[in-house]
Amino acid sequence: MVQYRLPMLPHPDEIEWTAEVNGAEITLHIENNAILLDVLREQVGSLGTKRGCDMGTCGCCSVLIDGDPRLSCLTLATEADGASITTVEGLSDGHHLHPIQQTFTEFGGSQCGFCTPGFLVVISALLSENSSPSDEEIKSAIEGNLCRCTGFQQIVDSVRAASDILVSGARVEDSTSPKSDPHPGFGEEV
Ligand code: FES
Ligand code: FES
């Protein structure tokens, strides 16, 4: 009697993978077909790198590879072997937030927060290349990132304000100091 069985797929080989993640040299054993998003979340522990659509449409999984924004859900980890990777956890300078992190808190650029890491990473790359982007350049930079909460205007406002900080050279306030509520009055009884 003929038996119909699917052949077992061979288990992927393990390889040694090395990268600099947020300034720290990391060496891991990963499967040779591992997706960078999985490696970052499950092996490196970068839970700030979000899994949204897992198919390249939302931008939540954005990281910087050698300074360039990339969708980690569509990137093989082997493509980033030996690279410098920056996730949202690597944007601050010690206790000092990156200007775009600071202004997101002040201008309501983050609401539910799920999309926020992807926006912050992509905008940090924009501002490092162009500290004074036009509105069109801001919109173009974030066109691959989706936000279901803010309506995007608060995000554009946050980028403009972060640009002002960078251009003026003003010191970003210490992240350990108390923050004002970006949504004053929300939840209060009327
Ligand atoms: S999770 Fe990568 S683009 Fe949506
Ligand atoms: S803040 Fe909720 S999806 Fe953007």
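A short tour of the structure in this document, coming up. (Residues numbered from 1 in each chain as written. Chains lettered and ligands numbered in written order. Predicted model: local features only at pLDDT ≥ 70, side-chain atom pairs only at ≥ 80, totals over all residues. Heavy atoms only, no water.)

### Examining the sheet that holds strand S5 (residues 84-86)
Then comes step 1: Taken together, five strands build an open sheet; the order of strands is S2-S1-S5-S3-S4 and the sheet is mixed. Both edges of this open sheet fall to strand S2 (24-31) and strand S4 (68-71), since each of them pairs with a single strand only. Here the average twist between neighbouring strands, direction ignored, is 40°.
Then comes step 2: Judged from the two bridges that link them, strand S3 (residues 62-65) and S5 form a sheet pairing that is antiparallel. Of the residues in S5, the one forming a bridge with Leu-64 is Thr-86.
Then comes step 3: Of the strands in this sheet, strand S1 (14-21), S2, S3 and S5 touch helix H1 (residues 36-44), which is tilted by about 110° from S2. (Pairing = 2+ DSSP bridges. Helix = DSSP H or I, 4+ residues; strand = E, 2+ residues; numbered from the N terminus. Axes fitted to C-alpha atoms, helices over the stretch in contact; angles between N-to-C directions. Contact = heavy atoms within 4.5 Å.)

### Digging into the packing of helix H2 (residues 99-107) against helix H3 (residues 116-129)
Then comes step 1: Between H2 and H3, the least distance of the axes is 9 Å, while the angle of their chain directions is 130°. On the basis of their axis angle, the class for H2 and H3 is oblique. Once H2 is placed against H3, the crossing between them reads as right-handed. Between H2 and H3, the contacting residues are Ile-100, Gln-101 and Phe-104 on the first element and Thr-116, Phe-119, Leu-120, Ile-123 and Leu-127 on the second.
Then comes step 2: Here the residues of the contact of H2 with H3 are counted per class, giving six nonpolar, two polar and no charged. (Parallel < 35°, antiparallel > 145°, perpendicular 65-115°, else oblique. Left-handed = near helix turned anticlockwise from the far one by under 90°. Nonpolar A, V, L, I, M, F, W, Y, C, P; charged D, E, K, R; others polar.)

### Some thoughts on H2
Three- or four-residue spacings in an α-helix give side chains the same orientation, since the helix completes a turn every 3.6 residues.
Then comes step 1: Regarding H2, the residues found buried are Pro-99, Ile-100, Gln-101, Gln-102, Thr-103 and Phe-104.
Then comes step 2: Looking at the buried residues of H2, the elements they touch are H3 and helix H5 (153-168).
Then comes step 3: Once H2 ends, the next one or two residues include Gly-108, with phi positive near 70°. (Buried < 20%, exposed > 50% of the residue type's maximum accessible area, 1.4 Å probe, protein only.)

### Side note on the nonpolar core
What tends to happen in soluble globular proteins is that the nonpolar side chains get buried as a cluster.
Then comes step 1: Counting residues in each nonpolar core, the largest one holds 22 residues, and the members touching the most others are Ile-100, Phe-104, Phe-119, Ile-123, Ile-155 and Val-159.
Then comes step 2: When contributions to this core are tallied by element, the ones reaching two or more residues are H2, H3 and H5.
Then comes step 3: When residues of this core are assigned to their parent elements, the largest contribution, seven residues, is made by H3.
Then comes step 4: Both of domain 1 (14-90) and domain 2 (99-168) provide at least three residues apiece to this core.
Then comes step 5: Leaving out residues up to four positions away in the same chain, Phe-104 has contacts with Gly-109, Ser-110, Thr-116, Phe-119, Leu-120, Ile-123, Ile-155 and Ser-158.
Then comes step 6: Formed by 16 residues, the second largest nonpolar core is a distinct cluster that contains Val-21, Ala-34, Leu-36 and Ile-85. (Core = buried A, V, L, I, M, F, W, Y, C linked by side-chain atoms within 4.5 Å. Domains from an automatic or database assignment.)

### Describing unusual backbone geometry
Then comes step 1: For Asp-54, which is not glycine, the phi dihedral falls at a positive 65°.
Then comes step 2: Relative to the assigned elements, Asp-54 resides in the loop between H1 and S3.
Then comes step 3: Despite not being glycine, Phe-152 shows a phi value in the positive range, around 75°.
Then comes step 4: Within the element layout of this structure, Phe-152 appears in the loop between helix H4 (135-141) and H5.

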